Every structure is written in structure tokens, then in C-alpha cells.
Amino acid sequence: MYFANNLRLLRLRKKLSQEELATQLNITRSSLSAYENNTAEPSLGTLIAIADHFKLSLDKFIRTDLTKLPEMVLQELEKGYDIDLSGNKLRILACTVDKLQNENIELVPEKARAGYATGYSDPDFIKVLPTFNLPFLSKEKKYRTFCISGDSMPPVKHGSYVTGEYVQNWQSIKSGYPYIVVSKDEGIVFKIINNRIKENKTLQLISTNKLYEPYEIDIRNVLEVWKFVNYISNDFSEPEKTNLEEAIYHIQQEVKQIKNTLRNKS
């Protein structure tokens, strides 16, 4: 249990003395000191009151070592946001609807990318995004389109628009599939994912461009995950063939020539 260390950490982050916090909690300073030094345990009622005071779930207060969390995660917790450290909690998604109350597909253009990691849950931020609809997509699911930056995911090129289906339960992420991941540190990235939440609470992100090495991201830094559905690109240039594709093409041509030769002889 991490209650004692967490209590001391949260008090110091609020720059409160033991006397000041004890007064706010309506307990004695000596009791608070004993809790922080782990020489006494509070009653269940006091434990709940302390957790409520810091806007933190009782489970996280006891079971999570807050001293190991990134600063951004701690700030979110202190604001009262119940950060998901496992990947399977119910999430509330800010979205918009059309005149018929059908959910729009919001478009996150290049100019909005930088602010999305902080505005993703703000209805005022989301409602100013451009919106559209794709009639061939299910109305039972939520979609959003993101402008992709960089050259790490060919054939999807820089400036393409990738549409993703919202993933509510991160435990359901399938390894080997492409997803759009929104995180505090990196913002919006489009990658192939290996789901390692159960093993070490991370997602491994892999590029289709072999020049980029795979890397892991802590699930506690993840804000949203969207499963790849399709993409739109203005680049209609002929795709470059890989060595394998070239080899297959030449084999097909040779087989075709052999068939034609046999027909001509018969």
C-alpha cells in the first residue's frame, strides 16, 4: 500500500504544513504525522475523507505509487480527472451532432493538431472543428479524422487525412493493427500497435517505414485511441513497388508469356 507516501506527496505539492492539512481534514496534527510516517492507519471513514479531499479515488490512493507518475498525470489527477491506468475505464468523449442529431465526423486539420492534446475533452474546442459525414460508415460508432504529419507510415503520406473509429476499451486494441494514438507527450501519431497493457502498461508503436525504430509509450500518457478505418490523400502518384512486388510482377509476366506461347503452338 502506498497511502503514507502518497499522503505526504500530495500535501507537499499543495504546499501545506501538517498543521494546515490536519485542520482542513478535521483531524489532529499528530494523527496526520502518524499516517504519513506509516506508524498508524486511519479508519475507513477518515481514509475516504482524505481521498475525497484530494479528489482521488480510494483505489488509486492506496494501490498506486503516485511518486512514480509523470508530472502531467499528477496534474490531471489533482484536477479531479480519474486517470485510467489500466485501459478499460468508461470514457466520456466530446463530440458534435448534425441537425438530425447524427454524430458528425470531426476533422482535426494541421492547424488544430498542436492544440488537440489539451483540447480533446473540451466541447468548446471540438465544436469549432470542421465536420462532415461518410454515409458508408456505421452510425452506431464514433469516428474522427486527423491530418497526419511525417513520412513514417507509407503508403499514407504526409498531409493525408486518416479516419479512425473511437476505441472505448483499450484492452480491446488488437496487436498488429494501425491506430491513431493521442498522447500528452507526442500529440497525434499514426502507428501500428502492439498491445502490451497487460504485461507492462504500455503500447508499442511501430512505423511501416523501417527507418523508424519501434518504441513504447506508457498507457498513463495516452489520451485517446482511434482504430484506423480509411484515409484520404491528394497525392495520386503511382506507388513505388517493393522488391517483392516487383518479383511477383515479373513472375506473372513470365507465366503469361509461357501461356501465350503454348496457345500459339496448339
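Residues numbered from 1 in each chain as written. Predicted model: local features only at pLDDT ≥ 70, side-chain atom pairs only at ≥ 80, totals over all residues. Heavy atoms only, no water.

Draft legend 1. Focus on the overall build of the chain. In terms of regular secondary structure, the chain is built from 10 helices and nine strands. Scored against the burial criterion, the 266 residues of the chain give a buried share of 40%. The contacts of the chain with a sequence gap of at least 6 include a subset with a gap of at least 24, amounting to 59%. As presented, the chain carries roughly 16,200 Å² of accessible surface, and 52% of it is formed by carbon and sulfur atoms. (Helix = DSSP H or I, 4+ residues; strand = E, 2+ residues; numbered from the N terminus. Buried < 20%, exposed > 50% of the residue type's maximum accessible area, 1.4 Å probe, protein only. Contact = heavy atoms within 4.5 Å. Areas by Shrake-Rupley, 256 points an atom, 1.4 Å probe, with all protein chains shown as cover.)

Draft legend 2. Structural view of the environment of A94. Following the sequence through the fold, A94 ends up in the loop between α6 (71–78) and β1 (105–108). In this structure the C-alpha to C-alpha distance between A94 and S121, which are 27 residues apart in sequence, comes to 5.5 Å.

Draft legend 3. Region of interest: the nonpolar core. Membership of the largest hydrophobic core comes to 22 residues, with the highest contact counts inside it found for V108, Y116, F146, I180, I188, F190 and W226. In this structure, Y116 is in contact with V108, F125, I126, R144, F146, V182, I188, E224 and W226, ignoring residues within four places of it in sequence. (Core = buried A, V, L, I, M, F, W, Y, C linked by side-chain atoms within 4.5 Å.)

Draft legend 4. Seen up close, the pattern of salt bridges. Inspection of the entire model under this criterion finds nine salt bridges. One salt bridge in this structure joins E106 and R144, with 2.9 Å as the shortest N-O distance. Note that E106 is positioned in strand β1 and R144 in strand β3 (residues 143–147), a separation of 38 residues in sequence. A salt bridge links K127 to D124, with the shortest nitrogen-to-oxygen separation between them at 3.3 Å. Through salt bridges with shared partners, a single ionic network connects R8, R11 and E36. (Salt bridge = Lys/Arg side-chain N within 4 Å of Asp/Glu carboxyl O.)

Draft legend 5. Structural context of the packing of helix α1 (residues 3–13) against helix α3 (residues 29–36). Direction vectors running N to C along α1 and α3 enclose 120 degrees, while the axes themselves pass 7 Å from each other. Classified by the angle their axes make, α1 and α3 are oblique. Each of F3, A4, L7, R8 and R11 in α1 lies in contact with α3, whose residues at this interface are L32, Y35 and E36. (Axes fitted to C-alpha atoms, helices over the stretch in contact; angles between N-to-C directions. Parallel < 35°, antiparallel > 145°, perpendicular 65-115°, else oblique.)

Draft legend 6. Just the packing of helix α2 (residues 18–25) against α3, in detail. Following both chains from N to C, one finds α2 and α3 inclined at 105 degrees, their axes separated by 8 Å at the closest point. One way to sum up the angle between α2 and α3 is to call them roughly perpendicular. Across from Q18, E19, L21 and A22 in α2, the residues of α3 making contact are R29, L32, S33 and E36. Broken down by class, the residue content of the contact of α2 with α3 amounts to three nonpolar, two polar and three charged. (Nonpolar A, V, L, I, M, F, W, Y, C, P; charged D, E, K, R; others polar.)

Draft legend 7. The pairing of β1, seen in detail. Side chains I105 and L107 project from β1 onto one buried face, and the interleaved E106 and V108 project onto a second face that is buried too. Pairing of β1 with strand β2 (residues 131–132), which is carried by two bridges, proceeds in the antiparallel orientation. When the sheet's bridge partners are listed, I105 is paired in β2 with F132. Here β1 runs beside β3; their pairing, made up of three bridges, is parallel. Each residue of the ladder has a partner; that of E106, found in β3, is R144. (Pairing = 2+ DSSP bridges.)

Draft legend 8. Seen up close, the packing of aromatic side chains. The tally for this structure, following the rule as stated, stands at seven aromatic pairs. Between F54 and F61 the ring centres are 6.1 Å apart and the planes differ by 65 degrees, which places this aromatic pair in the edge-to-face class. Among the aromatic residues, ring-to-ring pairing joins Y116, F125, F146, Y166 and W226 into one connected group. (Phe/Tyr/Trp six-rings, centres within 6.5 Å; stacked < 30°, edge-to-face > 60°.)

Draft legend 9. The sheet that holds β1, seen in detail. Ordered by their spatial adjacency, nine strands build an open sheet running β2-β1-β3-β4-β9-β5-β6-β7-β8, and the pairing between neighbours is mixed. Of all strands in the sheet, those with a lone pairing partner are β2 and β8 (215–218), marking the two edges. Direction of pairing for strand β5 (residues 177–183) relative to strand β9 (residues 222–232): antiparallel, over a ladder of five bridges. By the bridge assignment for β9, V182 is matched with E224.

Draft legend 10. Region of interest: the pairing of strand β7 (residues 202–206). Among the five residues of β7, four are classified as buried, and the element is accordingly described as predominantly covered. Pairing of strand β6 (residues 187–196) with β7, which is carried by five bridges, proceeds in the antiparallel orientation. Across the sheet, residue I193 finds its bridge partner in β7, namely L205. When β7 meets β8, the two strands line up antiparallel, connected through four bridges. Opposite L205, over in β8, you have Y215 as the bridge partner.

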